[in-house]
Amino acid sequence: MDITHFLRSIDFFFGFSDETVAEISSNATMSTYHRGDVVFSESDPASDLYVVISGRIAISNRSVDGRESVLALMGPGDLFGDMALFSEAQTRSAGARALETSEIIGVPYSILRKHFAGDAQALWSVIGLLSRRLREANEAIADSVFLDVTGRTAKRLLDIAGNADEFTLPITQEELAGMIGASRERVNKAIAAFVRLGWLEQRDRNYRIVERKKMTNRAS
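Given the structure is predicted, the values throughout are model-derived calculations rather than measurements. (Residues numbered from 1 in each chain as written. Predicted model: local features only at pLDDT ≥ 70, side-chain atom pairs only at ≥ 80, totals over all residues. Heavy atoms only, no water.)

A. Structural view of the overall build of the protein. For the protein, the helix and strand inventory stands at 8 helices and 11 strands. Radius of gyration (C-alpha) of the protein: 19 Å, near the 17 Å computed for a compact globule of 220 residues. The C-alpha extent of the protein, read off along each of the three principal axes, is 55 × 40 × 35 Å. Within the span of the protein, comprising 220 residues, buried residues form 42% of the whole. A fraction of 70% describes how many contacts in the protein between residues 6 or more apart in sequence connect residues 24 or more apart. Within the structure as shown, the protein displays about 11,800 Å² of accessible surface, and the carbon and sulfur contribution to it stands at 51%. On the protein, the mean spot of the 26 positive side-chain charges and the mean spot of the 30 negative ones are 8 Å from each other. (Helix = DSSP H or I, 4+ residues; strand = E, 2+ residues; numbered from the N terminus. Rg over C-alpha atoms; globule rule 2.2 N^0.38 Å. Buried < 20%, exposed > 50% of the residue type's maximum accessible area, 1.4 Å probe, protein only. Contact = heavy atoms within 4.5 Å. Areas by Shrake-Rupley, 256 points an atom, 1.4 Å probe, with all protein chains shown as cover. Lys, Arg positive; Asp, Glu negative; His and termini not counted. Charge placed at Lys NZ, Arg CZ, Asp CG, Glu CD.)

B. Layout of the packing of aromatic side chains. With the rule as written, the count across this model stands at 10 aromatic pairs. Seen in terms of ring centroids, Phe12 and Phe13 are 5.1 Å apart; in terms of plane orientation they differ by 85°. Their pairing is edge-to-face. For Phe12, a relative accessible area of 1% translates into the label buried. Each ring, one from Phe40 and one from Phe80, has its centre 6.0 Å from the other, and the planes form 35°; the classification is tilted. Separated by 40 residues along the polypeptide, Phe40 in strand β2 (residues 38-40) and Phe80 in strand β6 (residues 79-80) bring together distant segments of the chain. An aromatic cluster is defined as three or more aromatic residues linked by ring pairs; in this entry it consists of Phe12, Phe13, Phe16 and Phe116. Stacked on the ring of Phe40, the Lys or Arg Arg92 has its end atom at 4.1 Å from the ring centre. (Phe/Tyr/Trp six-rings, centres within 6.5 Å; stacked < 30°, edge-to-face > 60°. Lys NZ or Arg CZ within 6 Å of the ring centre and 35° of its normal.)

C. Up close: the nonpolar core. One finds Leu73, Leu157, Leu176, Val187 and Met215 to be the most contacted residues of the largest nonpolar core, which totals 27 residues. Among the secondary structure elements, those contributing two or more residues to this core are β5 (68-74), α5 (149-161), α6 (173-180), α7 (184-197) and β11 (206-209). Looking at which element gives the most residues to this core, the answer is α5, with 6 residues. Once you skip the residues sitting within four places of it in the chain, Val187 turns out to touch Val149, Thr153, Leu176, Ala177, Ile180 and Ala182. Judged by nonpolar contacts, the second largest core, of 26 residues, contains Val21, Leu79, Leu112 and Leu129. (Core = buried A, V, L, I, M, F, W, Y, C linked by side-chain atoms within 4.5 Å.)

D. A look at the pattern of salt bridges. Tallying each qualifying case throughout the model produces 7 salt bridges. Taking the shortest distance from any N to any O, the salt bridge between Glu139 and Lys155 comes out at 2.6 Å. Separated by 16 residues along the polypeptide, Glu139 in helix α4 (residues 123-146) and Lys155 in helix α5 bring together distant segments of the chain. When its relative accessible area of 37% is taken as the criterion, Glu139 is described as partly exposed. (Salt bridge = Lys/Arg side-chain N within 4 Å of Asp/Glu carboxyl O.)

E. Region of the structure containing the sheet that holds strand β7 (residues 95-98). The 4 strands lie next to each other as β2-β7-β4-β5, forming an open sheet whose pairing is antiparallel. Looking at the sheet topology across the chains shown, the edges are occupied by β2 and β5. Within this sheet the neighbouring strands show an average axis-to-axis angle of 30°, counted without direction. By the bridge criterion, 4 bridges tie strand β4 (residues 57-62) to β7 in an arrangement that is antiparallel. For Ala58, the partnering residue across the bridge sits in β7 and is Arg97. (Pairing = 2+ DSSP bridges. Axes fitted to C-alpha atoms, helices over the stretch in contact; angles between N-to-C directions.)

By themselves, these figures tell us nothing about what the structure is for.
Following this line, the structure appears as structure tokens:
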């Protein structure tokens, strides 16, 4: 894996010069995590930004009674662990664990801050990242207000599927329900309705979208 070439393909690094990306790459590390491996836990000290090369990473919080709520799924090209880069607390606001065998790049905050301090142009990448995070948060709030459980379930399944019609759910149904903000029973009922309508086929954790347009309409 050519780390420099890979980082250059990520939007966040577009504003950096070739020399800067090369220096960042020389200070970066590559790691492999297997399903269930913890990348970091909530409240851990934070010192690195991560970029997913392959696989899928779940970002989650745990309640005081130990229940886990999955906040986001990160796939190839996605960044995570960025919040503490811009925070004085420098501790993790959520946990991260691998849902499948995953390769990630770790970039030290120190090298990023050094270049942000010396190159104001590079800060546009930060603004872009924060804008995307804010937009995602606003969309999640809007979904909770304007979409019912069935609509939110359709939207989440489409998000997980991406451009593919066939996919394997990388999280448990309990975790899926947590992402949707509903009980497992109500989410299962929504999925059963899609299957009954012929929009979706399901076998265990394997799904196939049959009527993407109808699913998309239900998610809007």
